[in-house]
Every structure is written in structure tokens, then in C-alpha cells.
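Each chain is listed here by its residues.
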Amino acid sequence: WNKLESKEQIQKAIADHIIKIQKHQSKVGSAIDRYDITYLWDIGELIRQYGAYSKSNQNILTEILDYFPLQLISFQATLLKRAETVRRIFPNREKYLELVKDVSYGKLREVLPILDPYFFNQSKELKKDLDNLRRDLSKLTYEEVRECVRKIKRKYDRHGLSIDYDQ
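Parameters at a glance
- Residues numbered from 1 in each chain as written.
- Predicted model: local features only at pLDDT ≥ 70, side-chain atom pairs only at ≥ 80, totals over all residues.
- Heavy atoms only, no water.
- Salt bridge = Lys/Arg side-chain N within 4 Å of Asp/Glu carboxyl O.
- Helix = DSSP H or I, 4+ residues; strand = E, 2+ residues; numbered from the N terminus.
- Buried < 20%, exposed > 50% of the residue type's maximum accessible area, 1.4 Å probe, protein only.
- Expected span 1.5 Å × (residues − 1).
- Contact = heavy atoms within 4.5 Å.
- Axes fitted to C-alpha atoms, helices over the stretch in contact; angles between N-to-C directions.
- Parallel < 35°, antiparallel > 145°, perpendicular 65-115°, else oblique.
- Nonpolar A, V, L, I, M, F, W, Y, C, P; charged D, E, K, R; others polar.

Novice: Just to check I follow, could you spell out the pattern of salt bridges for this structure?
Specialist: Between side chains of opposite charge, a pair can form as their charged atoms come close. A full pass over the atoms with the stated rule returns 14 salt bridges. Across the salt bridge formed by Glu-125 and Lys-155, the nearest N and O atoms sit 3.2 Å from each other. Of this pair, Glu-125 sits in helix H7 (residues 124-136) while Lys-155 sits in helix H8 (residues 142-156); the two residues are 30 residues apart in sequence, bridging distant segments of the chain. Given a relative accessible area of 47%, Glu-125 falls into the partly exposed group. With relative accessibility at 38%, the residue Lys-155 sits in the partly exposed group. In this structure, a network of salt bridges that share partners links the residues Glu-125, Asp-129 and Lys-155.

Novice: Is there a simple way to explain helix H1 (residues 7-21) in this structure?
Specialist: In an α-helix there are 3.6 residues to a turn, and that puts residues three or four apart on one side. Look at H1: 21 Å from first C-alpha to last across 15 residues, which is about the 21 Å you get at 1.5 Å a residue. Every buried residue of H1 is listed here: Ile-10, Gln-11, Ala-13, Ile-14, Ala-15, His-17, Ile-18 and Ile-21. Of the surrounding secondary structure, the elements contacted by the buried residues of H1 are helix H2 (40-51), helix H3 (60-67) and helix H4 (78-89). At the C-terminal side of H1, Lys-23 shows a positive phi close to 55 degrees.

Novice: What should I look at first to understand the environment of Cys-148 in this one?
Specialist: If you trace the backbone, Cys-148 turns up in helix H8. The spatial distance from the C-alpha of Cys-148 to the C-alpha of Leu-137 is 9.8 Å, given a sequence separation of 11 residues. With residues up to four places along the chain from it excluded, the contact list for Cys-148 reads Leu-133 and Leu-140.

Novice: So what exactly am I meant to see when it comes to the packing of H2 against H4 here?
Specialist: How two helices pack is summed up by the angle between their axes together with the distance between the axes. With their axes 7 Å apart at the nearest point, H2 and H4 run at an angle of 90 degrees to one another. With respect to H4, the axis of H2 lies roughly perpendicular. Residues Leu-40, Trp-41, Ile-43, Gly-44, Glu-45, Ile-47 and Arg-48 of H2 pack against Leu-79, Leu-80, Ala-83, Glu-84, Val-86, Arg-87 and Arg-88 of H4. Looking at the contact of H2 with H4 residue by residue, the class counts come to eight nonpolar, one polar and five charged.

Right, here's the structure in full:
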């Protein structure tokens, strides 16, 4: 992956990738599921690179978001947070692309919290359940993915992440 030399280059590259993700159209509501998520890892890597130029690691996403009102690019800020999570989960871009082949943004959005070792302690039993979910992710419907995620959360997190905020 190419390392960029300035905050401005990174901001521009993030903007370019967001346009690619959105397929050159701002998307809201259910249209978000048509995002091209192959670029999400790239944005996560750019956010990581941006951290080297930032004065505060606490405000990296805020600094990046401050760049966008000047651009005519509209997107939900959670896109950057998810990109950051994707990069944390997948140190290797190829492994990420392997997982998301034929997977919608909505399905990915549902599974990210349970794939993130930052939030879930990765026991052998959980790892087996996650491997099964990864294997079947592209074949499952969105609702089936949500149900699998709920089951995993109920089984492994009895302290809060199992709460279904959508219900």
C-alpha cells in the first residue's frame, strides 16, 4: 500500500475512495446497501496513515470530517468509523476482500461488531462460530445474518452488546 506524504493528500484520497464506494452518487436509506465496500479497507488504511500526521489521536475522524464540508461529498460519518474498524479487524487487504466478496454493506455493517476483537474476546468456540458465519456470509440473506449475529451476541456477550437497538 502506498504511504501518502501529507494530511491533504490523505484527505483527498479518502474523498476519492468515498466517491468510489458510493459509485459517484450520495446514498441514503436502503440505497446504502449498494455501496461498493471493496474500498472500505482502503479508507481504514488512509485513516491509519492520517494518524501519523494528526496532533491528537483522539480527534482523527473529526479532523478528517472537517475536510468534507468544503467538498461536495455527502456521506454518513459512520462510514469512516466502520472503515477504521475494518482495518483493525483485517490487517491484510486480501483477507478483507475475501470476506466481502458478494456481501452487501448492510450485512457487513451487522457483522463488524462481533468480528472486532477490540469488543469481543476471541475464544476458540467463538472463533469457530465466526468462521462459520464468514463462510456463509455471502449466501445468507440480510435477515439471516442479523439473526446469526443476535445468536452469537446472546451466546458470548451477556453484558450489553446483545441488546438489539433496532427492535
